[in-house]
Amino acid sequence: MRSAVGSAVGSAVGSTVESSGRSTLVDGIGLLFTADPFREEIEDAALVMEDGVVRWIGRSATAPAADARIDAEGRAVIPGFVDSHAHLVFAGDRTAEFAARMAGERYSAGGIATTVAATREASVPELVATTAALVTEMTAQGTTTFEIKSGYGLTVDSERRSLEIASQFTPETTYLGAHVVPPGTSADDYVRTVTGPMLDACAPHAKWVDVFCERGAFDEDQSREILGAGIKSGLHARIHANQLGEGPGVRIACDLGAASADHCTHLSDDDVTALASSGVVATLLPGAEFSTRSPYPDARRLLDAGATVALATDCNPGSSFTTSMPFCVALAVREMRMTPAEAVRAATRGGAQALRRRDVGTLRVGAKADLVMLDAPSYVHLAYRPGVPLVSQVWRAGRRVV
């Protein structure tokens, strides 16, 4: 018998179509951006997909036969975007807070409490419907792999419920019970809950553990304790770090071997050096800076130091209510001094590295056949024509979903 969460998700997103086993040739590609460092761009390209993976890549003139053929007619093809930081399970909105910020109020972590109250009150079908709608938006804009965090329940039952819902949409689920300390609870008591009964309830439904290490949220000692407890429970670490000011977040990420440090807006020279030498991915979230009128991260500084950079939407109702990776690519090029190639690479292979995935984020033989066809001759148009809906077709594991 399916759970209430499973039943609601099944109604919202429908059933999965099995692979037919047939091969499909996509040829006539004007420019194929593979995000594979060994062969990143191929002009007049083609690829063959079969059983959900890429079987062949090369020039159209040398393409092998396949059971089916799709003519790209000179359009560009890129890997499916990998959005490694998103908060999709929530209820309500924070329109008034956004309007107040645009009128000059400063952003702080405290607004999360508004979403927490609405999420606790929402039913499972309501939360599933909201999550499904956001996933549909993501997919339509070229995102084929994505992470979903909890963090808008902040009680044992509501955090577990959020992760149960998230796990129906993606295997990349993150336990973020340590988003903020809920009103009426002391920080010490709440950390004991997050590292004790809440972790016990949530760990079976999560792959990752995260903490908002920031003023107004959790300090260095608390963050280390929370991440350490998650790691002991078999979860892998990631962290909200250095968004509102310089702090210990990046240092914690590097010390604990976290997959990524996310935000990285305010970095010291030591932070940049640590990220470059440790292999911890610096995940940048320009939608948050756009929506909070805050300084953008300096991606150029990180890239020049040799750090691995990812881009993600940070989709959430308070500080970055966007599901659009193309929008984040355009912001990264315009505001963060990235080249178009660097930005698309960060939104695909970089995101995959932030999730420690080798099967997505690149188009190479053996990788999942997750690809996006653009109504443009080059990926550069994602930044060159911001706001224009350029995503024409999307495949996930070789199956066309848009």
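Everything quoted here is computed from the prediction, not taken from an experiment.

Trainee: Could you give an account of the pairing of strand S3 (residues 53-59), naming the residues involved and the relevant values?
Mentor: Summarising the sheet, strand S2 (residues 41-50) and S3 pair through six bridges and their orientation is antiparallel. Bridge pairing in S3 places Glu50 opposite Val53. The loop that links S2 with its antiparallel partner S3 comprises two residues; one of these, Asp51, has a positive phi angle of about 55°.

Trainee: Give a detailed account of the nonpolar core, specifying residues and quantitative values.
Mentor: Among soluble globular proteins, nonpolar side chains are generally buried collectively. Ranked by size, the top nonpolar core spans 90 residues in total, and within it Tyr175, Ile239, Ala261, Leu275, Leu302, Leu311 and Met338 carry the most contacts. Tallying contributions element by element places helix H4 (residues 124-140) first for this core, with seven residues. Not counting chain neighbours up to four residues away, the residues in contact with Leu311 comprise Val82, Leu284, Pro286, Met325, Cys328, Val329, Ala332, Met336, Met338, Ala343, Ala346 and Ala347. If you look at the next biggest cluster of nonpolar residues, it comprises 17 residues, including Ala45, Leu47, Ile57 and Ile70.

Trainee: Describe the layout of surface pockets, with residues and values.
Mentor: Of the volumes computed, that of the second largest pocket is approximately 280 Å³. Together, Asp36, Pro37, Phe38, Arg349, Ala352, Gln353, Arg356, Arg357, Arg358, Val360, Thr362 and Arg364 line the second largest pocket.

Trainee: How would you summarise the environment of Thr115 if you had to cite specific residues and measurements?
Mentor: Along the chain, the position of Thr115 falls in helix H3 (residues 112-121). A residue is classified by how much of its surface remains accessible, and Thr115, at 2% relative accessible area, is buried. Considered as a pair, Thr115 and Ala91 are 24 residues apart in the sequence and their alpha carbons are 6.5 Å apart. Ignoring any residue separated from it by four or fewer positions in sequence, one finds Thr115 in contact with Phe90, Ala91, Arg94, Tyr152 and Pro317.

Trainee: Quick one: what's the story with the pattern of salt bridges, residue by residue and with numbers?
Mentor: In total, this model carries 26 salt bridges according to the counting rule given. The salt bridge involving Arg55 is made with Asp51; its shortest N-O contact spans 3.7 Å. For Asp51, a relative accessible area of 44% translates into the label partly exposed. Between Arg301 and Asp269 there is a salt bridge; the shortest N-O distance is 2.7 Å. Taken together, the positions of Arg301 in helix H12 (residues 299-305) and Asp269 in helix H10 (residues 269-278) put the pair 32 residues apart, joining distant regions of the chain. Taken together, the salt bridges that share partners define one network made up of Glu147, Lys149, Asp210 and Arg238.

Cut-off values and rules
- Residues numbered from 1 in each chain as written.
- Predicted model: local features only at pLDDT ≥ 70, side-chain atom pairs only at ≥ 80, totals over all residues.
- Heavy atoms only, no water.
- Pairing = 2+ DSSP bridges.
- Helix = DSSP H or I, 4+ residues; strand = E, 2+ residues; numbered from the N terminus.
- Core = buried A, V, L, I, M, F, W, Y, C linked by side-chain atoms within 4.5 Å.
- Buried < 20%, exposed > 50% of the residue type's maximum accessible area, 1.4 Å probe, protein only.
- Contact = heavy atoms within 4.5 Å.
- 1 Å grid on protein atoms, 1.4 Å probe; cavity = no way out; pocket = protein on both sides within 12 Å on 5 of 7 lines; lining within 4 Å.
- Points joined across faces, edges and corners; volume = space filled by probe spheres on them.
- Salt bridge = Lys/Arg side-chain N within 4 Å of Asp/Glu carboxyl O.

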